[in-house]
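Summary of the model geometry
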Amino acid sequence: MSRNEKNKTLSSAAVKRAIVDSFVKLNPVTMMKNPVMFVVEVGTVIVLLMALFPNFFDSQDRIGFNVAVFFILLFTVLFAGFAEAIAEGRGKAQAYSLKKSKQEMTANKLMGSLITVISSTELRKGDIVVVSQGEMIPGDGEVIEGLASVDESAITGESAPVIKEAGGDFNSVTGGTRVVSDSIKMRMTSEPGQSFIDRMIALVEGAKRQKTPNEIALNTLLFSLTIIFLIVVVTLAPIANYLDIKLEVPVLIALLVCLIPTTIGGLLSAIGIAGMDRVTKFNVLAMSGKAVEAAGDINTMILDKTGTITFGNRMASELVPVGGNSINQLSEWAAISSIKDETPEGRSVLEWMTKQGKSYDSTIADGGEFIEFKAETRMSGIDLLDGRHVRKGAVDAVKKWVAAQGGEIPSDLEQVSNTIAKLGGTPLAVAVDNKLYGVIYLKDTVKPGMKERFDTLREMGIKTIMCTGDNPLTAATIAKEAGVDEFIAESKPEDKIAVIRREQAEGKMVAMTGDGTNDAPALAQADVGLAMNSGTIAAKEAANMVDLDSDPSKIIEVVAIGKQLLMTRGALTTFSIANDIAKYFAIIPAMFMLAIPEMGALNIMRLGSPLSAILSALIFNAIIIPLLIPLAIKGVKYKPMSGARLLSRNVFIYGLGGVIVPFVGIKLIDLIVHVWI
Ligand SMILES: Nc1ncnc2c1ncn2[C@@H]1O[C@H](COP(=O)(O)OP(=O)(O)OP(=O)(O)O)[C@@H](O)[C@H]1O
Ligand SMILES: [K+]
Ligand SMILES: [Mg+2]
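Residues numbered from 1 in each chain as written. Chains lettered and ligands numbered in written order. Predicted model: local features only at pLDDT ≥ 70, side-chain atom pairs only at ≥ 80, totals over all residues. Heavy atoms only, no water.

What to know about the overall build of the chain
The condition that has to hold: Think of it this way: any DSSP run of H or I at least four residues long counts as a helix, any run of E at least two long counts as a strand, and we number them from the N terminus. Working rule for contacts: check all heavy atoms of both residues, and any pair within 4.5 Å makes them a contact. Charged residues are defined here as Lys and Arg on the positive side and Asp and Glu on the negative side; His and the ends of the chain fall outside this count. The atoms used to mark charge sites are NZ of Lys, CZ of Arg, CG of Asp and CD of Glu.
Along the backbone of the chain there are 25 helices and 20 strands. Taking the contacts inside the chain whose residues are at least 6 apart along the sequence as the reference set, 70% of them involve residues at least 24 apart. Each charge sign in the chain was given a centre, from 67 positive and 72 negative side chains, and these centres are 5 Å apart.

A short note on the sheet that holds strand β19 (residues 528-532)
Quick reminder of the rule: Strands are labelled as partners when DSSP assigns at least two bridges between them. The convention used is that axes are lines fitted to C-alpha atoms, helices contributing only their stretch in contact, and that angles between N-to-C directions extend from 0 to 180 degrees.
Read across the sheet, 7 strands follow the order β8-β20-β19-β18-β9-β16-β17 without closing on themselves; strand pairing throughout is mixed. Both outer strands of the open sheet, β8 (284-286) and β17 (486-488), are each paired with one neighbouring strand and no more. Neighbour-to-neighbour, the strand axes of this sheet turn through a mean angle of 20 degrees, independent of strand direction. Alignment of strand β9 (residues 300-304) against strand β16 (residues 463-467), held across 5 bridges, turns out to be parallel. Counterpart to L303 in the pairing with β16 is M466.

Things to note about the coordination of the potassium ion (ligand 2)
Cut-off, in case you're wondering: Only N, O and S atoms count as donors, using a 2.8 Å limit from the metal and a wider 3.2 Å limit for Na, K and Ca, and since water is excluded some coordination spheres may look unfilled. Tetrahedral means four donors with every angle between 85 and 135 degrees, whereas square planar (four donors) and octahedral (six donors) require angles over 155 degrees between opposite donors and between 65 and 115 for all others; sites fitting neither are termed irregular. Burial classes: relative accessible area under 20% of the type maximum marks a residue as buried, over 50% as exposed, and values in between as partly exposed (1.4 Å probe, protein chains only).
Ligation of the potassium ion (ligand 2) by protein atoms is provided by V257 (O), C258 (O), I260 (O), T262 (OG1), D580 (OD) and N621 (OD1), these donors lying 2.3 to 2.9 Å from the ion. Taken together, the 6 donor atoms surrounding the potassium ion (ligand 2) define angles of 65 to 163 degrees at the centre, an arrangement classified as irregular. When the donors of the potassium ion (ligand 2) are listed by position in the chain, the intervening gaps give V-C-x1-I-x1-T-x317-D-x40-N. With I260 in the loop between α10 (249-259) and α11 (262-281) and D580 in helix α23 (residues 555-595), the pair connects residues that are 320 residues apart, well separated along the chain. This pair shows no difference in class: I260 is buried, exactly as D580 is.

Considerations on unusual backbone geometry
Although it is not a glycine, N283 adopts a positive phi angle of roughly 65 degrees. Relative to the assigned elements, N283 resides in the loop between α11 and β8. Note on N283: relative accessible area 2%, which makes it buried. Within the chain, S550 stands out as a residue other than glycine whose phi angle is a positive 55 degrees. One can find S550 in the loop between β20 (545-547) and α23.

A word on the side chain of D515
Which entries qualify depends on this criterion: Whenever Lys or Arg places a side-chain nitrogen within 4 Å of a carboxyl oxygen from Asp or Glu, that contact is recorded as a salt bridge.
Locating D515 in the fold gives a position in the loop between β18 (510-514) and α21 (520-525). Lacking a salt bridge, the buried D515 has K496 as its closest oppositely charged neighbour, with an N-O distance of 7.0 Å. Excluding residues within four positions of it along the chain, D515 makes contact with D169, D304, T306, G307, T308, M532, G535, T536 and A539.

As for the environment of G407
Tracing the backbone through its elements, the reader meets G407 in the loop between α16 (395-404) and α17 (413-422). Distance in space between the C-alpha atoms of G407 and N434 is 4.1 Å, their sequence separation being 27 residues.

Considerations on the site of ligand 1
Keep this limit in mind: Proximity is defined per residue: if any heavy atom of the residue lies within 4 Å of a molecule or strand, that residue is considered near it. Pairs of N or O atoms within 3.5 Å make up the polar contacts considered here, provided that, within protein, one atom can donate a hydrogen while the other can accept it, and that residues adjacent in sequence are counted only when both atoms are side-chain atoms. Here the Shrake-Rupley method, with its probe set to 1.4 Å, supplies the accessible areas, and only the displayed protein chains count as covering residues. Note that Gly is not counted as nonpolar here; it falls among the polar residues with everything else outside the nonpolar set of Ala, Val, Leu, Ile, Met, Phe, Trp, Tyr, Cys and Pro and the charged set of Asp, Glu, Lys and Arg.
In the region of ligand 1, 23 residues are neighbours, and D304, K305, T306, D341 and S380 sit closest. Taking S380, its side chain carries an N or O atom lying 2.7 Å from a nitrogen atom of ligand 1. Note that an oxygen atom of ligand 1 is positioned 3.0 Å from one of the side-chain N or O atoms of T468. Starting from 610 Å² of accessible surface for ligand 1 in isolation, the protein chains cover 97%. Listed by contribution, the elements that provide at least two residues to the shell around ligand 1 are α13 (305-309), β12 (379-383), β13 (389-394) and β14 (426-432). For the shell around ligand 1, the element with the highest residue contribution is β13, accounting for 3 residues. Partitioning the shell around ligand 1 into residue classes produces 6 nonpolar, 8 polar and 9 charged.

With respect to the environment of L110
Note that L110 resides in strand β1 (residues 106-111). In this structure L110 comes out as buried when scored by relative accessible area, which is 18%. A C-alpha to C-alpha distance of 18 Å links L110 and E165, two positions 55 residues apart in sequence.

Some words on empty space enclosed by the protein
Heads up, the condition is: Site definitions follow a grid-based scheme: protein atoms alone, a 1 Å grid, a 1.4 Å probe that fits but cannot get out for cavities, and for pockets an open set with protein on both sides within 12 Å along at least five of seven lines, plus lining residues having an atom within 4 Å of a point. Grid points are joined across faces, edges and corners, and a volume is the space filled by probe spheres set on the points.
In total, this model carries 3 cavities of 30 Å³ or more according to the counting rule given. Each pocket or cavity is described by its volume, and for the largest cavity that value is around 120 Å³. In this structure, the largest cavity is lined by 13 residues; those nearest its centre are D140, F196, R199, I537 and E541. In terms of residue count, helix α22 (residues 537-542) provides more of the lining of the largest cavity than any other element does, 3 residues in total.

Points about the sheet that holds β14
Within the open sheet, the 6 strands sit side by side as β10-β15-β14-β13-β12-β11. Their pairing is antiparallel. On the outer flanks of this sheet lie β10 (315-321) and β11 (369-371), each paired with one strand and no other. For this sheet, the mean inter-axis angle between neighbouring strands, taken without regard to orientation, is 20 degrees. Of the strand pairs in this sheet, β12 and β13 are connected by 5 bridges, and their pairing is antiparallel. Following the sheet pairing, G381 is matched in β13 by R391. Sheet contacts for helix α15 (residues 344-356): β10, β13 and β15 (435-443); angle to β10, the most-contacted strand, approximately 65 degrees.

A closer look at the nonpolar core
Under the convention used in this document: Among buried residues, those of type Ala, Val, Leu, Ile, Met, Phe, Trp, Tyr and Cys that are joined through side-chain atoms within 4.5 Å constitute a nonpolar core.
The biggest cluster of nonpolar side chains holds 114 residues, and the ones touching the most others in it are L267, I309 and M545. Element by element, the count of residues in this core is highest for α23, at 17 residues. Excluding its chain neighbours within four sequence positions, the residues that come into contact with M545 are V284, L285, A286, A291, V292, A295, V528, G529, L530, A531 and V558. Formed by 20 residues, the second largest nonpolar core is a distinct cluster that contains W333, A365, L384 and Y437.

Structure representation (structure tokens):
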């Protein structure tokens, strides 16, 4: 799926396919999911029967009229199907190009120390695979050894390769992408047929599209309106009969179809599909329409710092000894604490040693027990065979650890770590048992343009809170630089959830962006969880959206699209119902004039004849659907402004427009139709 393909407007092939699809959608079993249109379809069949068997129905004198009504009704139903098919069309094209990138390939499966070449379809979850330069990654997985640059353009459309490495938050790789340099060992994390690309295909194809709660509520309302009008129209006949006014069935059906909300009924599902599609166009994958709608109502947004607001390649850039220790002592222990630390932070310490030309005795670590970095402890290190414990980690965590063993905290530690933190860096303290040697300065950079983007979020009325495991000073510096409203430092995974729950308890809708495994629970708790594609598998699975460009501020577009989706649905519902009221004025007088010509005074629209009035109203009712398809697909314009102002503006435009447009439209159609009858 290249960007070009995604931006392509409707091709004639897509239109052709949609036309065919709109006939397929006539299948009453499918149609029943759309009650409003189903009622129209039933009416179409009845009128068809009356046109085909006039003797049986005693409708010989109106065959021409009935045939006309039949065709207009048929087109009404077809137009609704066409709207949905057009909305689905782009997804189908995308799915096609995704399927191409999913072709079968070979994989180098590692068994013991032996490599066997098998087909990618035989790979199972847990298998270990080696992928080298030039080869395709055979499925989703996590890098467990090595580092490689990977071309992910097949899924992201972005041609610049990204670095994937074992350990940290950048260890997830996606099937169908290509290793462009070096080689990695990876563990498969998905079974065949359940990979990210498979899910993407199902998603864009709309195969798993479920109605959102909002859509279900609106559908229920439309259905109730339909039932009410059905009862009104059905009871109208005997009443009229009693008054000696003969109302014919096709006329009653025409009346019913004009009164029920066919415009919104015909466009509703297209609006939803197009909303999801607009999100995909911004390279965000929404797992459900509900997530997109929820985005439209977001009040609070929680972001993690590293890898989300900053680039996340925290690299050791300087080592500063404290307490009178030498730089060599500090660097040796920093290196030993990092020998088995596979995180980017850990590896960067060893890289720093090499760059500085510093050596250390790595045999000290032989036989030691590696202590893996955990977000809970915020430390990593090694327990040496000789009984010494080496740690590096967040300054407050290491301070506590040293103090617990009766160690002294050097008086210059605070000043050194504060200086680093004030620069936006992350200070990591290094200690052996009760002795603290100094600080590693991990440097990270805020992604460009964050401040402007967060300003836009503020205009939209969204509060931003940065939650980080880092210390308060670093957090404050980055928060200021990025322009977030609030920040919470030294937060553990459960703290992130707590913040989300607190906001939700205040009735707020919360979005969360993150990339780490430690963000996964919070991503799941949030109403909208947006994971960075660069992030871990756990984060991506917990989230209900994945940003393929790994740009957290993309939430702005998602929020705008969500709001636009809700507004479009609201606007077209208003328009549809206002519209039906206007049609009432065209069709009711005409209907009674047919029976009692003296009622001509009711014909306030001065329409040509009763029959042409009915046909004109019906024709208007049908063609308004395709005329509104572009609006349903593109969505109504959205500008950041308060919800109340938006609402009153839309009710004015679409409510008033909905009343006026049909008067003009029906009058114009009648001028033409009247020539024929
Ligand atoms: N490899 C490591 N070894 C020791 N300590 C580390 C290591 N990596 C990070 N830390 C320390 O642990 C803290 C928490 O790290 P973590 O990556 O979990 O933060 P986080 O909660 O994801 O927040 P954010 O991503 O917003 O910075 C870091 O601020 C740092 O002080
Ligand atoms: K209608
Ligand atoms: Mg993180």
